[in-house]
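Architecture at a glance
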Amino acid sequence: MGERKGVNKYYPPDFDPEKHGSLNRYRNSHPLRERARKLSQGILIIRFEMPYNIWCDGCKNHIGMGVRYNAEKKKVGNYYTTPIYRFRMKCHLCDNYIEMQTDPANCDYVIVSGARRKEERWDMKENEQVMTTDHEEKKKLETDAMYRLEHGTDDQQKLQKVIPTLVNIQEMQSIWKDDFELNSMLRKKFREEKKIIKEEEEHDAALMSKASLSIPLIPESEEDKRLASLLKYRSPD
């Protein structure tokens, strides 16, 4: 679609490449069309996808993660050299406007107004997850040799704790590595089980035919064998 739109353009008879330069200048329009109607104010209309579950302050309804809106994107500041963008969108269930902005320091989005976040976060440090290095800590690692040595020692201790887990994971991966061998083993197991089931069915069918039974037989257990061994039959005198 993009290639077709790029080559199939209608040029009016009065279009002059030297005078107009492009069709956008000829029509006095922006290449982004309606998305750029507020570009003079530093606002660009984009398609924004909700990064997490929220509750709208206007209608009190739940808005799920992944719901998309036409949002006004505007730069409101910088975190060092990373720009901070704010997004303003209208709730699809009411007339309330929701404002969110990026949080580069925590690699997240924060709600400015119009909604509240459904709290589903957890402590990454408590869960022993990989955490982003804070700017101050990064600076300290680069300048303080003793702190860098202590930090490296802590990392080595953490590594020694998780080595058994990593070894188990590698062993499991090596077991499941050969798909053909696994498939062969599984099919062999199924064949053996099917053979046993067939022999049991034939044995039950022979027993039912001999005893003239028409009821289904259940598998025998050790308790059944023990009780059967206690029974003694005697011929009448």
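Details of the sheet that holds strand β1 (residues 43–49)
Here five strands make up an open sheet; going across it, the order is β1-β4-β5-β6-β7 and the pairing antiparallel. Looking at which strands have only one partner, the edges of the open sheet turn out to be β1 and β7 (108–113). With strand direction ignored, the average angle separating the axes of adjacent strands in the sheet is 35 degrees. As defined by bridge partners, strand β5 (residues 82–90) adjoins strand β6 (residues 97–103) across five bridges and the pair is classed as antiparallel. Along β6, the bridge assignment pairs R86 with Q101.

With respect to helix α5 (residues 145–175)
For α5, spanning 31 residues, the distance from its first C-alpha to its last is 43 Å, which sits close to the expected 45 Å at 1.5 Å a residue. A distance of 3.1 Å separates the backbone nitrogen of M146 from a side-chain oxygen at the start of α5, and that oxygen is part of D144.

Examining the pattern of salt bridges
Under the definition given, this model contains eight salt bridges. Residues R86 and E99 are paired through a salt bridge, measuring 3.9 Å at the closest nitrogen-oxygen approach. Here R86, found in strand β5, pairs with E99, found in strand β6; they are 13 residues apart in sequence, far enough to count as distant. Exposure remark for R86: the relative accessible area of 27% places this residue in the partly exposed category. For E99, the salt bridge is made with R88, and the minimal N-O distance between the two is 3.4 Å. One end of the pair, E99, is in strand β6; the other, R88, is in strand β5, with 11 residues separating them in the sequence. The buried category is assigned to E99, whose relative accessible area is 18%. Its relative accessible area of 32% is what places R88 among the partly exposed residues. Three or more residues joined by partner-sharing salt bridges are found here, namely R86, R88 and E99.

Looking at the pairing of strand β4 (residues 68–79)
Here is the key point about a regular strand: its side chains alternate between the two faces of the sheet. Relative to β4, β1 is paired through seven bridges, and the arrangement is antiparallel. Looking across to β4, one finds that L44 is bridged to K73. Here β4 runs beside β5; their pairing, made up of seven bridges, is antiparallel. The residue bridging K73 from the neighbouring strand is F87, located in β5. If you look at the hairpin formed by β4 and β5, you'll find two residues sitting between the two strands, and Y80 has a positive phi there, around 60 degrees.

Considerations on the nonpolar core
If you look at the biggest cluster of nonpolar residues, it comprises 16 residues, and the most contacted ones within it are F48, M50, I54, I63, M89 and I98. At the level of secondary structure, the elements contributing two or more residues to this core comprise β1, β2 (54–56), β4, β5 and β6. Other than its neighbours up to four places away in sequence, F48 contacts V67, R68, Y69, A71, F87, M89, M100 and Y109.

What to know about the packing of helix α4 (residues 135–143) against α5
In contact at an axis separation of 6 Å, α4 and α5 are set at 110 degrees when each is read in the N-to-C sense. By the angle class used here, α4 and α5 are roughly perpendicular. Judged by residue contacts, E137, K140, L141, E142 and T143 of α4 engage A145, Y147, R148 and H151 from α5. In terms of residue class, the contact of α4 with α5 is made up of three nonpolar, two polar and four charged.

Concerning the side chain of E99
Within polar-contact distance, the side chain of E99 engages the side chain of R88 at 3.4 Å. Every residue in contact with E99, bar those within four places of it in the chain, is listed here: R86, F87, R88, I111, V112 and S113.

Quick notes on the rules
- Sequence order sets the numbering: in each chain, residues are counted from 1 along the sequence as written.
- Totals for whole chains, interfaces and linings use all residues, but because this is a predicted model, local features are given only for residues with pLDDT of at least 70 and pairs of side-chain atoms are given and counted only at 80 or more.
- Hydrogen atoms and water are omitted, and side-chain values are computed over all heavy atoms in the structure.
- Paired strands, in this sense, are two strands between which DSSP finds at least two bridges.
- Secondary structure is summarised from DSSP: a helix means a run of H or I of at least four residues, a strand means a run of E of at least two, and numbering begins at the N terminus for each.
- Axes here mean lines fitted to C-alpha atoms, for a helix over just the part in contact, with angles spanning 0 to 180 degrees between N-to-C directions.
- Multiply 1.5 Å by the residue count of a helix minus one, and that product is the helix's expected span.
- Distance and chemistry together define a polar contact, namely a pair of N or O atoms within 3.5 Å, with one atom able to donate a hydrogen and the other to accept it when in protein, and with adjacent residues in sequence counting only for side-chain atoms on both sides.
- For this document, the term salt bridge refers to a Lys or Arg side-chain nitrogen within 4 Å of an Asp or Glu carboxyl oxygen.
- When a residue's accessible area, from a 1.4 Å probe over protein chains only, is under 20% of the maximum for its type it is buried; when over 50% it is exposed; and in between it is partly exposed.
- Only buried residues count toward a nonpolar core, which is a set of Ala, Val, Leu, Ile, Met, Phe, Trp, Tyr and Cys residues joined through side-chain atoms within 4.5 Å.
- By the convention used here, residues are in contact when the closest approach between their heavy atoms is within 4.5 Å.
- Reported orientations rely on four angle classes, namely roughly parallel under 35 degrees, roughly antiparallel over 145, roughly perpendicular from 65 to 115, and oblique for the rest.
- Classification used: nonpolar for Ala, Val, Leu, Ile, Met, Phe, Trp, Tyr, Cys and Pro, charged for Asp, Glu, Lys and Arg, polar for all others including Gly.

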